[in-house]
Amino acid sequence: MPSIVIASLLPAEGRTTVTAGLGAALGDSRDVRIGRIRGAEGADAPAEDDALALAATPRCTSTGRAITEQEALAQARDAGAAGATLLLEAPAGPVEEFAKRLEAKVVLVSAAAEDLALGDVAAAASALGDSLLGVALTRQPQRRIEAARSALEARGVRCLAALPEDRLLAGPNVRELAEALHASRLVEGEAEDEAVEYVMLGPISADPGQPYFLQHGSKAVVNRFDKMDLHLAALATEPDCLILTGGQSPSAYLIDRVASSDARVTVLLSPETTVRTISLVDELYGHTRFGGERKIARAAELLRSQLDRSALDAALA
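Summarised in this report is the structure supplied together with it. Model, not experiment: these values are computed from the prediction.

**Focus: the overall build of the protein**
Thought 1: The secondary structure content of the protein amounts to 14 helices and twelve strands.
Thought 2: Seen along its three principal axes, the alpha-carbon backbone of the protein occupies a region of about 65 × 40 × 35 Å.
Thought 3: Considering only residue pairs separated by 6 or more positions, the protein has 69% of its internal contacts joining residues 24 or more positions apart.
Thought 4: Taking the average location of the 32 positive side-chain charges in the protein and that of its 45 negative ones, the two points are 2 Å from each other.

Spelled out as structure tokens, the structure:
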């Protein structure tokens, strides 16, 4: 049973998203092993982060650390002998020679959406020859998905999946929010490694805040440090994070209330104004690393709905 290498021409194209989603989808019916190959030049911190993220993929076996190409070859032999499917995320760049040594199929990942860029992807895919399993497109504008599929297939390249833009997959986790804002952590929460899907500003009207905050589940709520009524209304809806702006300490009652609640919510104090804080948070979306159970679940959901499963099953038969 061939291994599958998940590759891309450039960094940050969505390889880890596709690897985790594919692993979760295949794990429904197969023995799946999953891993991340590190770069050739010594330590590779991003690869280690990816390996830890992939290790949380349900129904998949992983070492939880980045591996060398030689270790990948050994794992491929072991997986083949056991009848398991091995998924390997490769560093960005060419993988033709490695795939041949591994006798693996290749899924080429790209976030390209426009025709010119898709032409480059199709050329790279064609160069893989018989090793190519297909192209997985990521972060596609909904209106462009069918056009992107057609553009690849018109060039003789199979589109294995086309994943739409997704707010959760693009979202930062609470730790990333704290780092980007240079925020003080007033209370440490329980889900700081999970992605935040929505960012909500407290309402400025006199209407009760709680119905407004109930619109979204996974969220960070941004309010000025002294808006106690809005803080309490937001807390009642169990946000992932409260971001207080203005750099001044909030009421001690708020901190006691959060610290004593069953659902521990992270409370961050941003030194910036509300407008500047929102601007900094907005810059994070689409530029965060993949990780956390929420993102893995969403990646699996999208792969299951978009995957050309017949082509995949034929390749793994």
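**Here's the deal with the pattern of salt bridges**
Thought 1: Applying the stated rule across the entire model yields 19 salt bridges.
Thought 2: Put simply, Asp115 and Arg144 hold a salt bridge, and the shortest N to O gap is 3.4 Å. Here the residue Asp115 occupies a position in helix H5 (residues 115–127), and Arg144 occupies one in the loop between strand E6 (132–140) and helix H6 (145–154), the gap between them amounting to 29 residues.
Thought 3: On the accessibility criterion, Asp115 (43% relative accessible area) is partly exposed.

**Quick look at helix H3 (residues 69–82)**
Thought 1: Taking 1.5 Å of rise per residue, 14 residues should cover 20 Å, and H3 covers 20 Å from first to last C-alpha, within 8% of that figure.
Thought 2: For H3, the complete set of buried residues consists of Ala72, Leu73, Ala76 and Ala79. End-on, the buried residues of H3 take up no more than an arc of 125°, which puts them together on one face. Structural note: H3 exposes Gln70, Arg77 and Ala81 on the side pointing more than 90 degrees away from its buried face.
Thought 3: In this structure, the buried residues of H3 make contact with strand E2 (32–36), strand E4 (85–89) and helix H4 (96–102).
Thought 4: Among the residues trailing H3, Gly83 stands out with phi positive, at a value near 70°.

**Topic: the pairing of strand E5 (residues 105–110)**
Thought 1: With five of six residues buried, E5 lies mostly within the body of the structure.
Thought 2: Pairing of E5 with E6 involves five bridges; the strand directions are parallel. When the sheet's bridge partners are listed, Ser110 is paired in E6 with Leu137.

Cut-offs and rules
Residues numbered from 1 in each chain as written. Predicted model: local features only at pLDDT ≥ 70, side-chain atom pairs only at ≥ 80, totals over all residues. Heavy atoms only, no water. Helix = DSSP H or I, 4+ residues; strand = E, 2+ residues; numbered from the N terminus. Contact = heavy atoms within 4.5 Å. Lys, Arg positive; Asp, Glu negative; His and termini not counted. Charge placed at Lys NZ, Arg CZ, Asp CG, Glu CD. Salt bridge = Lys/Arg side-chain N within 4 Å of Asp/Glu carboxyl O. Buried < 20%, exposed > 50% of the residue type's maximum accessible area, 1.4 Å probe, protein only. Expected span 1.5 Å × (residues − 1). Arc of directions from axis to C-beta. Pairing = 2+ DSSP bridges.

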